[in-house]
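Summary of structural features
So the chains spell out like this:
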Amino acid sequence: MNNVWILAVLILISALPALGLFIWFRLSRFPLGLLWFLAFLLGGALSLLTAGLLQGLFPPLGDSGAGSVILRLFTQIALTEEAARLVLLIPLLLIWFRFEKPPVEADAPAAASQGPVPRRALAAAAGFAAGLGFAVIETATYGAADLGIALLRAFTAAPLHGACGCRVGMAVAGFRESPVRSVLRFLIAAALHGMYDFMVLSPGMPIVFPICLVAAALASSIQQIRYRETMVTSS
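Here's a quick rundown of the structure. Small disclaimer: the values here were computed from a predicted structure and weren't measured. (Residues numbered from 1 in each chain as written. Predicted model: local features only at pLDDT ≥ 70, side-chain atom pairs only at ≥ 80, totals over all residues. Heavy atoms only, no water.)

**With respect to a nonpolar patch on the surface**
What counts here: Exposure above 30% relative accessible area and the lack of any salt bridge qualify a residue for a patch; like charges then connect within 9 Å, and the nonpolar side chains Val, Leu, Ile, Met, Phe, Trp and Tyr within 5 Å. Values of accessible area rely on a 1.4 Å probe in the Shrake-Rupley scheme; residue burial ignores everything except the protein chains shown. Any Lys or Arg side-chain nitrogen found within 4 Å of a carboxyl oxygen on Asp or Glu counts as a salt bridge. Numbering of helices and strands runs from the N terminus, with a helix taken as a DSSP run of H or I at least four residues long and a strand as a DSSP run of E at least two residues long. Partly exposed residues are those whose accessible area sits between 20% and 50% of the maximum for their type, while under 20% is buried and over 50% is exposed, using a 1.4 Å probe and protein chains only.
A contiguous nonpolar surface patch, about 630 Å² in accessible area, is contributed by Leu79, Phe175, Val180, Val183, Leu184, Leu187 and Ile188. With five residues, helix 7 (residues 179–201) is the single largest residue contributor to the nonpolar patch. Tracing the chain through its elements places Val183 in helix 7. On the basis of relative accessibility, which here comes to 42%, the residue Val183 falls in the partly exposed class.

**Things to note about the nonpolar core**
Here is the rule we go by: Definition of nonpolar core: a set of buried residues of the types Ala, Val, Leu, Ile, Met, Phe, Trp, Tyr and Cys, connected through side-chain atoms within 4.5 Å.
In this structure, Leu32, Phe40, Leu93 and Trp96 are the most contacted members of the largest nonpolar core, which totals 50 residues. Those elements giving two or more residues to this core turn out to be helix 1 (2–28), helix 2 (34–55), helix 3 (66–100), helix 5 (119–145), helix 6 (147–173), helix 7 and helix 8 (208–225).

**Some points on the packing of helix 3 against helix 7**
Applied cut-off: Angular values range over 0 to 180 degrees, each being the angle between N-to-C directions of two axes fitted as lines to C-alpha atoms, with helices fitted over their stretch in contact. Each angle gets one of four labels, with under 35 degrees taken as roughly parallel, over 145 as roughly antiparallel, 65 to 115 as roughly perpendicular, and the rest as oblique. Handedness of a crossing is defined here by the sense of rotation of the near helix relative to the far one, left-handed for an anticlockwise turn of less than a right angle and right-handed for a clockwise turn. Throughout, a residue-residue contact means that at least one pair of heavy atoms, one from each residue, lies within 4.5 Å. Gly counts as polar in this scheme, as do all residues outside two lists: the nonpolar Ala, Val, Leu, Ile, Met, Phe, Trp, Tyr, Cys and Pro, and the charged Asp, Glu, Lys and Arg.
Axis separation between helix 3 and helix 7 bottoms out at 8 Å; the angle between their running directions is 135°. Here helix 7 runs oblique to helix 3, going by the angle between their axes. As for how helix 3 packs across helix 7, the hand of that crossing is right-handed. Between helix 3 and helix 7, the residues in contact are Ile70, Leu73, Phe74, Ile77, Ala78, Leu79, Glu81, Glu82, Ala83, Arg85 and Leu86 and Phe186, Ala189, Ala190, Ala191, His193, Gly194, Met195, Asp197, Phe198 and Leu201, respectively. Per-class residue counts for the contact of helix 3 with helix 7 are 15 nonpolar, two polar and four charged.

Written out as structure tokens, the structure is:
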């Protein structure tokens, strides 16, 4: 019973960043409404099933050496989970941009004066929400196996998944204009994910290392979401 309560607390802690993200969107009047926010959040959670299917395609590794572990972390886990997010975000973003036509102008005077919200920032925000949805379910999975690792992931995995989802969302939004840059963004998301998993699972690795990695990725993601195109006015 105690484990059940601990797991419930871990899930609650992991879900708090999603609430914080939505409150931030409302306060800044970011053009991502509640229904679409929940759609991206739920889609991110469901993408865990796609990730599991992709991971099942990999043959079992022959040994448990350092090289095999690193290969598994960066390909069988990180790459497949980001690919699952990509598969989820492509249709959702296309539908959102095509039918909902999210406004590119924030209606807050201060935000509007900074310029319109570009598709890249909208996709970054949607991808971040999808990453947080994924993290809530994953935390429950890890919590059932190892509460110690789950406790660390509850504080760090949610923003890490959000930051990776942010980059995958930008990759989807910018693929038509710059496919090479989009592929690089996707690969960077997978690399960040793999490095985080490696740091968390490496015995004796100081906890400050994954925390610093997550903090840097989170700060960069916030900057991308807050990006406004410069308004050019003629005198």
